[in-house]
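Here is what each chain is made of, one letter per residue.
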Amino acid sequence: MAGTKTLLILENFIGGKFLPCNSYIDSYDPSTGEVYCRVPNSGKAEIEAAVEAAREAFPGWSAQSPQERSQVLTRLADLLEQSLEEFAQAESKDQGKTVTLARTMDIPRSVQNFRFFASSILHHTSECTQMDHAGCLHYTVRTPLGIAGLISPWNLPLYLLTWKIAPAIAAGNTVIAKPSELTSVTAWMLCKLLHKAGVPPGVVNIVFGMGPIVGEALVSHPEVPLISFTGSQPTAERITQLSAPYCKKLSLELGGKNPAIIFEDANLEECIPATVRSSFASQGEICLCTSRIFVQKSIYSEFLKRFVEATRKWKVGIPSDPSASMGALISKAHLEKVRSYVEKARAEGAQILCGEGVDKLSLPPRNQAGYFMLPTVITDIKDESCCMKEEIFGPLTCVVPFDSEEEVIKRANSVKYGLAATVWSSNVGRVHRVAKKLQSGLVWTNCWLIRELNLPFGGMKSSGIGREGAKDSYDFFTEIKTITVKH
Ligand SMILES: NC(=O)C1=CN([C@@H]2O[C@H](COP(=O)(O)OP(=O)(O)OC[C@H]3O[C@@H](n4cnc5c(N)ncnc54)[C@H](O)[C@@H]3O)[C@@H](O)[C@H]2O)C=CC1
Ligand SMILES: N/C(=C\C=C\C(=O)O)C(=O)O
């Protein structure tokens, strides 16, 4: 507990009301290591209450026209946008990322999520075919499933939560959302906007708490027919097991071990800053971050020198510092996990070129107990090393040389993940050829993290099941039916 300091106390939001809980979890400010907030430690009873509220709200909400629901989502986007700065400050304090990033990426994208699905829900069409010889007309209709269970992680708290809530309610479902217990504040703040935006009570219910307790209660509830989850693979496995007896519809958005492939004809002026950003943005805690950089041998030394120089300029600072490029990691446990990978690499004989254990971190005294780490570049490391195979989810990236196109594709594809790859080359033919052969749900060429929300987002192999985006989210959050009319 934080002594005499006033703690922020969150409440569950069920049936349009804020409700206290019997038990609470401490939540830490990653930049100081101090408890600053208490999050409801909900369980089965809270899920039962949320299911009841969501069940009651469903007939009315699903009967509204897409136009009516679209207007509500647009109002919510406007209200969130009006409070952008307040949300950005809160997200940064709760998550540890810089306020600059929260202000320019997390919250604007959360606004965009509501605005985007408010628009896209108006543009879906259904299929129709005729069978003249049989005198039949066949067509499809899509209907919402009922109560959607949404489970989101701590790395992009409001960004990923709204990426689920917006399409789910736009399609006419009611929802029960469970944000990460580590980053619940902006979800709680969002609840305060719902009534004003015209979201009827029970349409959006937010229940806070621990994954293995309240998360499992949500996943196991027989009246929740679909679960959209973003997080780790072990949790996805557990959710799959719990859902199996009910044949629930699942969307699983998991991790990555994303390669950047840099050919000798790449424009290094653009590639180097973009690859520093793709490795270390948001402390490397984005599932799309680069963690394996393959550089063609002829430019390897030059790339490495310039990449390390650019990384050293990437300032780690307190989240409110406008000159900081990186803030604090999410938790002490996560910081220790990421650091342990640097130690493993060192023990294997790899070279740590900058960052952890090499350079000195300078922070104001109050923040010394925060979960900070310098961006770290590792080289002379084997493809078989755990640093080159496992998702680390922190500011640590490995740089290795390659000879040929064929070789690098094989090496890039040699991990269990397949989420996001980046290819840098000025040869258009090569860019298309390599992109097609990479086992990756997303490939960015000569850029990183430019998102087109209309198109499918998601991973191959252990990076997940399902895709999200305009049509894909609509398909996921609705059930299709074929109707045949004999005339
Ligand atoms: N999209 C991604 O790729 C993400 C990957 N991760 C990876 O996962 C690692 C661990 O992070 P965690 O926060 O522990 O991820 P996690 O998978 O445990 O947590 C994600 C969400 O699932 C919930 N959850 C946990 N256990 C659950 C269960 N048994 N049933 C239902 N819900 C459950 C959590 O409370 C949270 O809301 C990270 O270091 C990173 O490697 C984490 C966040 C996002
Ligand atoms: N799922 C994640 C990122 C998604 C980004 C996007 O939709 O633009 C993640 O980091 O977990």
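No experiment lies behind these values; they were computed from the predicted model shown. (Residues numbered from 1 in each chain as written. Chains lettered and ligands numbered in written order. Predicted model: local features only at pLDDT ≥ 70, side-chain atom pairs only at ≥ 80, totals over all residues. Heavy atoms only, no water.)

This part is about the overall build of the protein. Scanning the protein from N- to C-terminus turns up 15 helices and 23 strands. Its C-alpha atoms give the protein a radius of gyration of 23 Å, near enough to 23 Å, the size a compact globule of 487 residues would have. Over its C-alpha atoms, taken along the principal directions, the protein stretches across nearly 75 × 70 × 40 Å. When the 487 residues of the protein are sorted by exposure, 58% land in the buried category. Partitioning the contacts of the protein with sequence separation of at least 6, the portion at a separation of at least 24 is 75%. Considering the protein, the positive charge centre built from 51 side chains and the negative charge centre built from 50 side chains are found 1 Å apart. (Helix = DSSP H or I, 4+ residues; strand = E, 2+ residues; numbered from the N terminus. Rg over C-alpha atoms; globule rule 2.2 N^0.38 Å. Buried < 20%, exposed > 50% of the residue type's maximum accessible area, 1.4 Å probe, protein only. Contact = heavy atoms within 4.5 Å. Lys, Arg positive; Asp, Glu negative; His and termini not counted. Charge placed at Lys NZ, Arg CZ, Asp CG, Glu CD.)

Turning next to the packing of helix 2 (residues 66–82) against helix 5 (residues 157–170). Between helix 2 and helix 5, the least distance of the axes is 10 Å, while the angle of their chain directions is 160°. One finds that helix 2 runs roughly antiparallel with respect to helix 5. Judged by the sense of rotation from one axis to the other, the crossing of helix 2 with helix 5 is right-handed. Contacts between helix 2 and helix 5 involve Arg69, Leu73 and Leu80 from the former and Leu158, Ala166, Ile169 and Ala170 from the latter. For the contact of helix 2 with helix 5, the class distribution of residues is six nonpolar, no polar and one charged. (Axes fitted to C-alpha atoms, helices over the stretch in contact; angles between N-to-C directions. Parallel < 35°, antiparallel > 145°, perpendicular 65-115°, else oblique. Left-handed = near helix turned anticlockwise from the far one by under 90°. Nonpolar A, V, L, I, M, F, W, Y, C, P; charged D, E, K, R; others polar.)

Here we come to the sheet that holds strand 6 (residues 128–131). Reading across from one edge, 6-7-23 is the order of the three strands in this open sheet, with antiparallel pairing throughout. Looking at the sheet topology across the chains shown, the edges are occupied by strand 6 and strand 23 (478–486). Going across the sheet, the axis of each strand differs from the next one's by a mean of 25°, ignoring polarity. For strand 7 (residues 136–144) and strand 23, the ladder comprises nine bridges, and the chain directions are antiparallel. Bridged to leucine 137 within strand 23 is valine 485. (Pairing = 2+ DSSP bridges.)

It is worth spelling out the pairing of strand 19 (residues 420–424) at this point. Put simply, side chains in a regular strand alternate between the two faces of the sheet. In terms of burial, strand 19 is a largely internal element, five of the five residues being buried. Where burial is concerned, the two faces of strand 19 agree: the one with Ala420, Thr422 and Trp424 and the one with Ala421 and Val423 are both buried. Note that strand 13 (residues 258–262) and strand 19 share three bridges and pair parallel. The residue of strand 19 that forms the bridge with isoleucine 262 is tryptophan 424. Across four bridges, the pairing between strand 19 and strand 20 (residues 442–445) is parallel.

Attention now moves to the side chain of serine 70. By secondary structure assignment, the location of serine 70 is in helix 2. Judged by its relative accessible area of 7%, serine 70 falls in the buried class. Setting aside residues no more than four positions away along its own chain, serine 70 makes contact with Ala118, Ile121 and Leu122.

As a further point, take the domain arrangement of the protein. We note that the domain assignment places domain 1 (8–254 + 464–486) and domain 2 (258–445) within the protein. Centre-to-centre separation of domain 1 and domain 2, based on C-alpha positions: 31 Å. Between domain 1 and domain 2, a total of about 1900 Å² is buried, with carbon and sulfur atoms accounting for 56% of that surface. Interface area lost by domain 1 to domain 2 is led by Ser31, Thr98 and Trp154, which between them contribute 25%. In this structure, the connection of domain 1 to domain 2 is made through one salt bridge. Linking arginine 366 and glutamate 34 is a salt bridge whose minimum nitrogen-to-oxygen distance equals 3.6 Å. Linking domain 1 with domain 2 are eight residue pairs in polar contact (both at pLDDT 80 or more), by the criterion used here. (Domains from an automatic or database assignment. Buried area = accessible area lost by both parts, 1.4 Å probe. Salt bridge = Lys/Arg side-chain N within 4 Å of Asp/Glu carboxyl O. Polar contact = N/O pair within 3.5 Å; in protein donor to acceptor, adjacent residues only side chain to side chain.)

Next up on the list: the UniProt feature "domain: Aldehyde dehydrogenase" (unreviewed entry) in the protein. Under the present numbering, the feature "domain: Aldehyde dehydrogenase" (unreviewed entry) in UniProt falls on residues 24–483. Between the C-alpha atoms that bound residues 24–483 there is a distance of 49 Å. The span itself is 42% helix and 21% strand. (UniProt positions renumbered as here; feature names shortened; annotations may be inferred.)

With that out of the way, let us pick up the packing of aromatic side chains. Inspection of every chain in the model, using the stated rule, returns eight aromatic pairs. Their ring planes at 85° and their centres at 5.4 Å tell us that phenylalanine 263 and phenylalanine 402 sit as a pair that is edge-to-face. Residue phenylalanine 263 is found in the loop between strand 13 and helix 9 (268–280), and its partner phenylalanine 402 is found in strand 17 (residues 396–402); the two are separated by 139 residues along the sequence. In this structure, phenylalanine 263 and phenylalanine 402 share a single accessibility class: buried. Judged by centre distance (5.3 Å) and plane angle (15°), the ring pair of phenylalanine 303 and phenylalanine 307 falls under stacked. Note that phenylalanine 303 and phenylalanine 307 are positioned in helix 10 (residues 297–312) at a spacing of four residues, about one turn of the helix. Judged by relative accessible area, which is 0%, phenylalanine 307 ranks as buried. By way of ring pairs, the aromatic residues Phe116, Phe117 and Trp163 are connected into one cluster. In this structure, lysine 248 packs its charged tip against the face of tyrosine 246, placed 5.1 Å from the ring centre. The ring of tyrosine 341 carries lysine 344 above its face, with NZ or CZ at 4.5 Å from the centroid. (Phe/Tyr/Trp six-rings, centres within 6.5 Å; stacked < 30°, edge-to-face > 60°. Lys NZ or Arg CZ within 6 Å of the ring centre and 35° of its normal.)

On to the environment of phenylalanine 477. Checked against the element boundaries, phenylalanine 477 lands in the loop between helix 15 (470–476) and strand 23. It is 7.9 Å that separates the C-alpha atoms of phenylalanine 477 and leucine 226, two residues lying 251 residues apart in sequence. In this structure phenylalanine 477 touches Pro144, Leu145, Ala148, Leu150, Lys164, Pro167, Ala168, Ala171, Asn173, Leu226 and Ser228, once residues within four positions along its chain are discounted.

Looking now at the site of ligand 1. Neighbouring ligand 1 are 27 residues; Ser152, Trp154, Glu181, Glu216 and Ser232 lie closest to it. Glutamate 216 places a side-chain nitrogen or oxygen 2.8 Å from a nitrogen atom of ligand 1. Secondary-structure elements contributing two or more residues to the shell around ligand 1 are helix 7 (211–220), strand 11 (226–230), helix 8 (233–243) and helix 11 (332–347). The element that contributes the greatest number of residues to the shell around ligand 1 is helix 7, accounting for four residues. (Near = heavy atom within 4 Å.)

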